[in-house]
Amino acid sequence: MVSNENVNNQEETKWLRCSNCRDLIYKRIFFENQKVCPLCNFHYRLTAHERIELLFDKGSFVEINAHLSSVDLLGFKTPEETYEETLRRNQEKTGLKEACITGRGKIKGVECIGIVFDFFFMGGSMGTVVGEKVARAFEEALSKELPLVAVTASGGARMQEGIFSLMQMAKTSLLAGRFKRESQKAFVTLMTNPTTGGVLASFASLADFIIAEPGALIGFAGPRVIEKTVKAKLPKGFQTAEFLYERGLIDMVIPRSKLSESISEVISIGVNR
Amino acid sequence: MVSNENVNNQEETKWLRCSNCRDLIYKRIFFENQKVCPLCNFHYRLTAHERIELLFDKGSFVEINAHLSSVDLLGFKTPEETYEETLRRNQEKTGLKEACITGRGKIKGVECIGIVFDFFFMGGSMGTVVGEKVARAFEEALSKELPLVAVTASGGARMQEGIFSLMQMAKTSLLAGRFKRESQKAFVTLMTNPTTGGVLASFASLADFIIAEPGALIGFAGPRVIEKTVKAKLPKGFQTAEFLYERGLIDMVIPRSKLSESISEVISIGVNR
Amino acid sequence: MRRFSYDFETKIIDLEEKLRKVNQLASQNPSFEREVKELERKIENLKKKVYGNPTPWQRVLFSRHPERPKVRDFINALINGFIPVQGDRLFAADNAIVAGIGFFGGREVAVCGTDKGKNTRENLTKNFGMAHPEGYRKCLLVMELAERFKIPFLTFIDTPGAYPGIGAEERGQAWAIARCIEKMLWLQVPTLAIITGEGGSGGAIAIACADRILMLENAYYSVISPEGCASILWHDEKRAEEAAEVLKLTASDLHSFGLVYEVIPEPLGGCHRDPNKIFKRVRESIKKHLDELMVKEIGTILEERHNFYRQIGNIFK
Amino acid sequence: MRRFSYDFETKIIDLEEKLRKVNQLASQNPSFEREVKELERKIENLKKKVYGNPTPWQRVLFSRHPERPKVRDFINALINGFIPVQGDRLFAADNAIVAGIGFFGGREVAVCGTDKGKNTRENLTKNFGMAHPEGYRKCLLVMELAERFKIPFLTFIDTPGAYPGIGAEERGQAWAIARCIEKMLWLQVPTLAIITGEGGSGGAIAIACADRILMLENAYYSVISPEGCASILWHDEKRAEEAAEVLKLTASDLHSFGLVYEVIPEPLGGCHRDPNKIFKRVRESIKKHLDELMVKEIGTILEERHNFYRQIGNIFK
Ligand SMILES: [Zn+2]
Ligand SMILES: [Zn+2]
């Protein structure tokens, strides 16, 4: 992440150091630039709220199913922490109830249902509540005849909910499948850094069109797991958005500043029918 | 092909030379072995009649649409020969009216519709009559609720019929598609040496199960065309049945002696429903 | 810079070059205007003579003209808000196929086309418009999108054929083409194919099995390239010109056979001489045919489509 | 040859070895029969003690036992006239997936399974039962065959997970798995999944979204391997045993959650100790569930299937 390490003390309120290019960024520019490094174009992670503010027309987003909050279905605990403690810690840290926000809003004037993941909440992992919110978002889009935009940032399934978490892959794919069969509106996924595991291997990759942010890590297995399995260094750029674009797995790589425009074009499909 | 070149004169009635392994084969053994070289297992081409005799239960095959014979739709002629002359020459050579025979018969007791190509008739090329016979075979299988077995041996579309020949790819694919949508009986292709071009790129590769004879050349483009395009020697075994089997494009490579058995098993699917 | 020309039109290109120069002079010195007029008349006459009744082979040459508008030029000119589909979501992104969804007029359409490059560098990434299996599988995806959104499916075709290469065979070129043909014939939306340049064999028919096939006047559509045909018949690729005659591959031949629904006329000498005119004509033609197709029930469309492809060439002894 | 054993069962395996020897002696010298009886009793008691109430981790070990029947053993034992589907008709033939059509009893079924090898050589060609995208795409083909022939779709699952490799990522492992899940959930025929050994995460659920999920007693089904979980929680794979506890991954856990329809009991100490018995039980179980499913309308089946997957884990604050 961006930090102010090695920044001259007097100046540390003004400057940040980019963890990617290691160069100094003027703080105000960094935030004006939507948390993209103006020097190396590295796209820093956004919180779900930041993403919503960036993507949706000002004040248009209205959250739905905000109240849903996870319970500990397995009685999952380690000597260090119970799952309920983990949840509470993440809720306090992020101010969110769960790892995604869903709602209805407008992107460049085009009304749609949005699913926005927050990686800062337990790595954007998909447990029963995330799965349920995703499912309800599809149902809402279907019943309101609106397009659906899913913005993913997730390490995958939520280990702490065990098999229930794995089963959210089925639940969300079921609903994505229903939407594609019963609606004529578009379903678009915007994959941001990172989108991996059970979220990628379920509804996210089933979209009509897949857009990604530059440099985003996108893959089924994590790079370290792969490295360990194949016992070799991974090729440069492996599992980046650009890598998948080259291989025809995603349709567009769009810089953050152009996302609203591109997404609004895609979700315009069928809007007037 | 098998020949008696370089065979000692006195013995030439008894021996043949295998064009593949260059070894001598005892003639009687060669024919007993269904025209497969007993030494190198090379599968020599069969005429449509030989194939029918080998595959179908004795006396069970009854030809349909035998009368269909091509006309010259384009007025195709070269300074050397008109298309009608080419047709007549091939009819006299093979005793066939066209490059495939279609009919109804039994394979190890299982009734089915058969399409059997004859490479000796203009390289088994698919013109309007072949296309029509294939289409009618599918229709017959559909209306009689029988499985369909297509035995292909073809260089592709028939140049002399120009665009009409190309359009047989559409016609036969349309009917293969109809059969797969409306029938619950099996559609099996047996690809023999060679199966290429427009026949492979239409109904033949749309089968539920694809079987091939060992060593058969199977591919979209001819090896010489590819060699010319890529300006390189082709890998050993390229475009053989075994090569495609390794790559998951066909399901089985079955020696000639076991074909009836294997095909009868496959077409038993759904027969009793 | 010397413009590209074929042997039979060198004179015209030369005169046009001269005309350009004389025009420049005339703009400064009005006394040259008479010369301009004369040159124009000369060129006009020569064009009528040379271009008035092109041989099949000359049409093949026009269809391959390096300056001929490429498929993406047609898409750029005719489709607004084009949203590209990049690859097959299986193996690769084939640049020889341009595909996506966009607006034709106010109407949403799904579009696929075989795209050639405009120069050597582009042609390397686009394989000279010869698609790999992954290109055809990209088309399958877009066909699914057309059904998913219940919008018409449009194809633009300009390809010497499907790519004959090692990887293409390894990954089932024939399988991909057959799947495309079958799927397009059964597609539950209206379909329209426009052959804008080369309609090369299996590589073309893969995405040409439409309700109506339109062809530009100088496009060709053939079971085999003239060169390939000559090579088989006479073991001599140079006799392609003769082969082009016997194959009956021109738009007007195919229209007379009842296979092509409409021939879209080109400016004299090939549509690269006036791209905007051809874009306009193609636009009008597509609009007319889509309008006609869109008022029909989908059941009727499929029945007519199937009847059409079922009866092709049904003349037997 | 020394038989394979886990630490906690070494004593049993040792005694069984002795029993075999004493049995040989007894066949020649009846005076040993008493010793046989005694050993048998001893073993029986020990088995009850050691095997009677295995920990989750011990079940994981059983599920991975090298002698445990592999998926193709189940297919060989239960399916007659098996006609294999070799590959995905797109890119490759993945040996980690066994798939095809055959007869279960007198009934036609389409079958897919993740197959492990029985030795190192086999495991190399089968990637230890970890499928590549082409393996899952082979399953998609077989699902289409199931619909085409209107026959039930059966899956056998025994995989540590989908293969985490470079080629697998390049060719869209996640895309293939998602497609499988979606297609299976919408498949227009009855479906049945049997987890026979390891039910490893995404690689397992890809072909486990069935109307009913059955599990062998010592099989496990988990969002992550115990090792992976331990590695994340404590940066220590060796604490897999603890992770196996917290993950609640055993058949009986999953049955109590209502996720698994039936647990098929295994012989004490794991089903490799009596393969024929487990084949018989699995056969009976499949028969029962297919019989029950086949009398339902397909509309009812899909409705029940969708309701089931829609409500999983719906307990919120
Ligand atoms: Zn930077
Ligand atoms: Zn030989």
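Since the structure is predicted, the reported quantities are computational estimates derived from the model, not experimental observations. Counting from 1, residues in each chain are numbered in the order their sequence is written. As a convention, the first chain written is A and the first ligand written is 1, with the rest following in written order. In keeping with the model being predicted, local features are shown solely for residues with a pLDDT of at least 70 and side-chain atom pairs are shown and tallied solely at 80 or more, while totals for entire chains, interfaces and linings include all residues. Side-chain calculation: all heavy atoms of the structure are included, whereas hydrogens and water are not.

Asks: Any chance you could explain the interface of chain C and chain B here in plain terms?
Replies: Many descriptions give the size of an interface as the accessible area lost when the pieces come together. Residues count as neighbours in contact if any of their non-hydrogen atoms are within 4.5 Å of one another. Opposite the 49 residues of chain C that make contact, chain B presents 63 residues. Salt bridge, as used here: a side-chain nitrogen of Lys or Arg that lies within 4 Å of a carboxyl oxygen of Asp or Glu. Remark: the boundary between chain C and chain B carries five salt bridges. Among the ionic pairs, Arg-310 of chain C bridges to Glu-132 of chain B, the shortest N-O distance being 2.8 Å. Within the residue set of the side of chain C that touches chain B, elements represented by two or more residues are α7 (166-170), α8 (173-185), α9 (201-205), β7 (220-222), α10 (226-234), α11 (240-247) and α14 (298-311) of chain C. Among the elements that make up the side of chain C that touches chain B, the one with the highest residue count is α8 of chain C (nine residues). A helix here means a DSSP run of H or I that spans at least four residues, while a strand means a run of E at least two residues long, and both kinds are numbered starting from the N terminus.

Asks: Sorry if this is basic, but what is going on with a positive patch on the surface here?
Replies: Together, Lys-11, Lys-18, Lys-21, Arg-41, Lys-42 and Lys-49 of chain C make up a region of like positive charge exposed at the surface. Note on classification: 1.4 Å probe, protein chains only; a residue is buried when its accessible area is under 20% of the maximum for its type, exposed when over 50%, partly exposed between these limits. A relative accessible area of 70% places Lys-49 of chain C in the exposed class. Patch building starts from residues that exceed 30% relative accessible area and form no salt bridge, then joins like charges within 9 Å and nonpolar side chains (Val, Leu, Ile, Met, Phe, Trp, Tyr) within 5 Å. Areas reported as accessible are Shrake-Rupley estimates using a 1.4 Å probe. Residue values count occlusion only from the protein chains shown. For the purpose of charge, His is not counted, nor are the chain termini; Lys and Arg are scored as positive and Asp and Glu as negative. We put the charge of a Lys on NZ, of an Arg on CZ, of an Asp on CG and of a Glu on CD.

Asks: Explanation requested: the interface of chain A and chain D in the structure shown.
Replies: Between chain A and chain D, the contact holds 62 residues from the first and 49 residues from the second. Both sides together, the interface formed by chain A and chain D hides about 4,700 Å², and carbon and sulfur atoms give 72% of it. Along the contact surface separating chain A from chain D lie five salt bridges. Across the pair Glu-170 of chain D and Arg-247 of chain A runs a salt bridge, and its minimum N-O distance is 3.8 Å. N or O atoms within 3.5 Å of each other form a polar contact, as long as, within protein, one can give a hydrogen and the other can take it, and as long as residues adjacent in sequence are counted only when both atoms are side-chain atoms. Viewed at the interface, chain D and chain A are joined by 16 residue pairs in polar contact (both at pLDDT 80 or more). Elements with a contribution of two residues or more to the side of chain A that touches chain D: α4 (128-143), α5 (162-182), β9 (218-219), α7 (223-230) and α8 (241-246) of chain A. By residue number, the principal contributor to the side of chain A that touches chain D is α5 of chain A, which donates 17 residues. Three classes are used, and their members are as follows: Ala, Val, Leu, Ile, Met, Phe, Trp, Tyr, Cys and Pro are nonpolar, Asp, Glu, Lys and Arg are charged, and the others, Gly among them, are polar. For the side of chain A that touches chain D, the per-class residue count stands at 36 nonpolar, 15 polar and eleven charged. What gets called buried area is simply the loss in accessible area from a 1.4 Å probe that two parts show on being joined, summed for both.

Asks: Explain the domain arrangement of chain A here, please?
Replies: Residues and elements named next belong to chain A. An automatic or database domain assignment supplies the residue ranges for each domain. When its domains are assigned, chain A resolves into domain 1 (1-44) and domain 2 (45-267). The distance between the C-alpha centroids of domain 1 and domain 2 comes to 26 Å. Where domain 1 meets domain 2, there are one salt bridge. As a salt-bridge pair, Lys-35 and Glu-50 come within 2.7 Å of each other at their nearest N and O atoms. Seen at the junction of domain 1 and domain 2, the total is six residue pairs in polar contact (both at pLDDT 80 or more). Looking at the side of domain 1 that touches domain 2, its residues break down into two nonpolar, three polar and one charged.

Asks: What's the story with the packing of aromatic side chains in this structure? I'm lost.
Replies: Working definition: an aromatic ring pair is given by the centre-to-centre distance plus the angle between the planes. Any two rings among Phe, Tyr and Trp, with Trp reduced to its six-membered ring, count as a pair given centres within 6.5 Å; such a pair is stacked if its planes are under 30 degrees apart, edge-to-face if over 60, and tilted if neither. Under the counting rule described, the total for this entry stands at 37 aromatic pairs over all chains. Residues Phe-30 of chain A and Phe-31 of chain A carry aromatic rings whose centres are separated by 5.2 Å and whose planes lie at 75° to one another, so their mutual orientation is edge-to-face. What makes Phe-30 of chain A buried here is its relative accessible area of 3%. Taken together, the ring pairs in this structure connect Phe-117, Phe-138, Phe-179, Phe-187 and Phe-203 of chain A into an aromatic cluster. Here the guanidinium or amino end of Arg-247 of chain B rests over the ring plane of Phe-243 of chain B, the centre of that ring lying 3.8 Å away. A cation over a ring is seen here: Arg-239 of chain D above Trp-234 of chain D, with NZ or CZ 4.2 Å from the ring centre. Geometrically, a lysine NZ or arginine CZ counts as sitting over a ring once it is within 6 Å of the ring centre and also within 35 degrees of the ring normal.

Asks: Just checking my understanding: could you explain the coordination of the zinc ion (ligand 2) for this structure?
Replies: Each pair of donors in an ideal octahedron of six around a metal sits at 90 or 180 degrees, and each pair in an ideal tetrahedron of four sits at 109.5 degrees. Residues and elements named next belong to chain B. Note on the zinc ion (ligand 2): its protein donors are Cys-18 (SG), Cys-21 (SG), Cys-37 (SG) and Cys-40 (SG). The metal-donor distances range over 2.2 to 2.4 Å. Note on donors: an N, O or S atom is included if it sits within 2.8 Å of the metal, or within 3.2 Å for Na, K and Ca, and water is never included, so sites can look incomplete. Only two sets of limits are used to name each site, 85 to 135 degrees for every angle of a tetrahedral four-donor site, and over 155 degrees for opposite donors with all other angles from 65 to 115 for a square planar four-donor or octahedral six-donor site, with any other site named irregular. Seen from the zinc ion (ligand 2), its four donor atoms lie at angles of 102 to 114°, and the figure they make is tetrahedral. In primary-sequence terms, the residues that donate to the zinc ion (ligand 2) follow C-x2-C-x15-C-x2-C. On the criterion of sequence distance, the pair formed by Cys-21 in the loop between β1 (15-17) and β2 (24-26) and Cys-37 in the loop between α1 (27-32) and α2 (48-55) is long-range, its members being 16 residues apart. Classification of Cys-21 by relative accessible area gives partly exposed; the value is 29%.

Asks: Looking at this structure, I do not really get the domain arrangement of chain C. What am I missing?
Replies: All names here are of chain C. When cut into domains, chain C gives domain 1 (7-53) and domain 2 (60-310). Computed from C-alpha coordinates alone, the two centres of domain 1 and domain 2 are separated by 35 Å. Residue-level contacts link nine residues of domain 1 with six residues of domain 2. Buried area between domain 1 and domain 2, both sides added, is near 560 Å², and the carbon and sulfur share of it is 63%. At the surface where domain 1 touches domain 2, the tally comes to one salt bridge. Among the salt bridges present, the one from Arg-273 reaches Glu-16, with a minimum N-O distance of 2.6 Å. For the pair domain 1 and domain 2, the number of links is two residue pairs in polar contact (both at pLDDT 80 or more). When contributions to the side of domain 1 that touches domain 2 are tallied by element, the ones reaching two or more residues are α1 (10-28) and α2 (33-51).

Asks: Help me understand the coordination of the zinc ion (ligand 1) in this model?
Replies: All names here are of chain A. Looking at the zinc ion (ligand 1), one finds its protein donor set to be Cys-18 (SG), Cys-21 (SG), Cys-37 (SG) and Cys-40 (SG), positioned 2.2 to 2.4 Å from the metal centre. Classification of the site at the zinc ion (ligand 1) as tetrahedral follows from its four donor atoms and the range of 103 to 113° in their angles at the metal. Sequence spacing of the donor residues for the zinc ion (ligand 1), all on one chain, is C-x2-C-x15-C-x2-C.

Asks: Honestly, the side chain of Glu-9 of chain D in this entry has me stumped. Any pointers?
Replies: Residues and elements named next belong to chain D. Position of Glu-9 among the secondary structure elements: in the segment before α1 (10-28). Buried Glu-9, no salt bridge; nearest opposite-charge side chain is Arg-273, N-O distance 4.9 Å. Excluding residues that lie within four positions of it along the chain, Glu-9 makes contacts with Phe-4, Tyr-51, Phe-62 and His-65.

Asks: What am I meant to see in the pattern of salt bridges here?
Replies: Side chains carrying opposite charge are able to pair once their charged atoms draw close together. This structure, assessed with the given rule, holds 86 salt bridges over all chains. When the shortest N-O distance is used, the salt bridge between Lys-144 of chain B and Glu-140 of chain B registers 3.0 Å. Because the salt bridges share partners, they merge into one network encompassing Glu-132, Arg-136, Glu-139 and Lys-171 of chain A together with Arg-310 of chain D.

Asks: It is not clear to me how the packing of α1 of chain C against α2 of chain C should be interpreted in this structure. Could you clarify?
Replies: Between two packed helices, what matters for the description is the angle formed by their axes and the separation of those axes. All names here are of chain C. To get an axis, fit a line to the C-alpha atoms, keeping to the stretch in contact for a helix; angles then go from 0 to 180 degrees between the N-to-C directions. Two elements in contact, α1 and α2, have axes separated by 9 Å at closest approach and are oriented at 160°. On the basis of their axis angle, the class for α1 and α2 is roughly antiparallel. α1 and α2 meet at a crossing whose hand is left-handed. Contacts between α1 and α2 involve Lys-11, Ile-12, Leu-15, Glu-16, Lys-18, Leu-19, Val-22, Asn-23 and Ala-26 on the former and, on the latter, Glu-33, Glu-35, Val-36, Leu-39, Glu-40, Ile-43, Leu-46, Lys-47, Val-50 and Tyr-51. Split into classes, the residues belonging to the contact of α1 with α2 amount to eleven nonpolar, one polar and seven charged. What sets the label is the angle itself: under 35 degrees gives roughly parallel, over 145 gives roughly antiparallel, 65 to 115 gives roughly perpendicular, and the rest give oblique. Should the near helix be turned anticlockwise from the far one by less than a right angle, the crossing is left-handed, and should it be turned clockwise, the crossing is right-handed.

Asks: Looking at this structure, I do not really get α1 of chain C. What am I missing?
Replies: Note that an α-helix has 3.6 residues per turn; residues three or four places apart therefore point the same way. All names here are of chain C. For a helix, the expected span equals 1.5 Å multiplied by the number of residues minus one. Spanning 19 residues, α1 covers 28 Å between terminal C-alpha atoms, matching the ideal 27 Å at 1.5 Å per step. Three or more residues of α1 are buried, namely Ile-12, Ile-13, Leu-15, Glu-16, Leu-19, Val-22 and Ala-26. Elements that come into contact with the buried residues of α1 comprise α2.

Asks: I would appreciate a short explanation of the side chain of Ser-154 of chain A in the present structure.
Replies: Relative to the helices and strands, Ser-154 of chain A resides in strand β6 (residues 148-154). Residue contacts for Ser-154 of chain A: discarding those within four places in its chain leaves Phe-117, Phe-119, Gly-123, Gly-124, Ser-125, Met-126, Pro-194, Thr-195, Thr-196 and Val-199 of chain A.

Asks: I tried to follow the state of the cysteines on my own but got confused; where do I start?
Replies: Two cysteines whose sulfur atoms are joined by a covalent bond form what is called a disulfide. Cysteine sulfur pairs qualify as disulfides if the two atoms are within 2.5 Å. Counted under the stated rule, the structure contains zero disulfides over all chains. Here Cys-100 of chain A is not disulfide-linked; the sulfur of Cys-112 of chain A is the nearest cysteine sulfur, at 15 Å.

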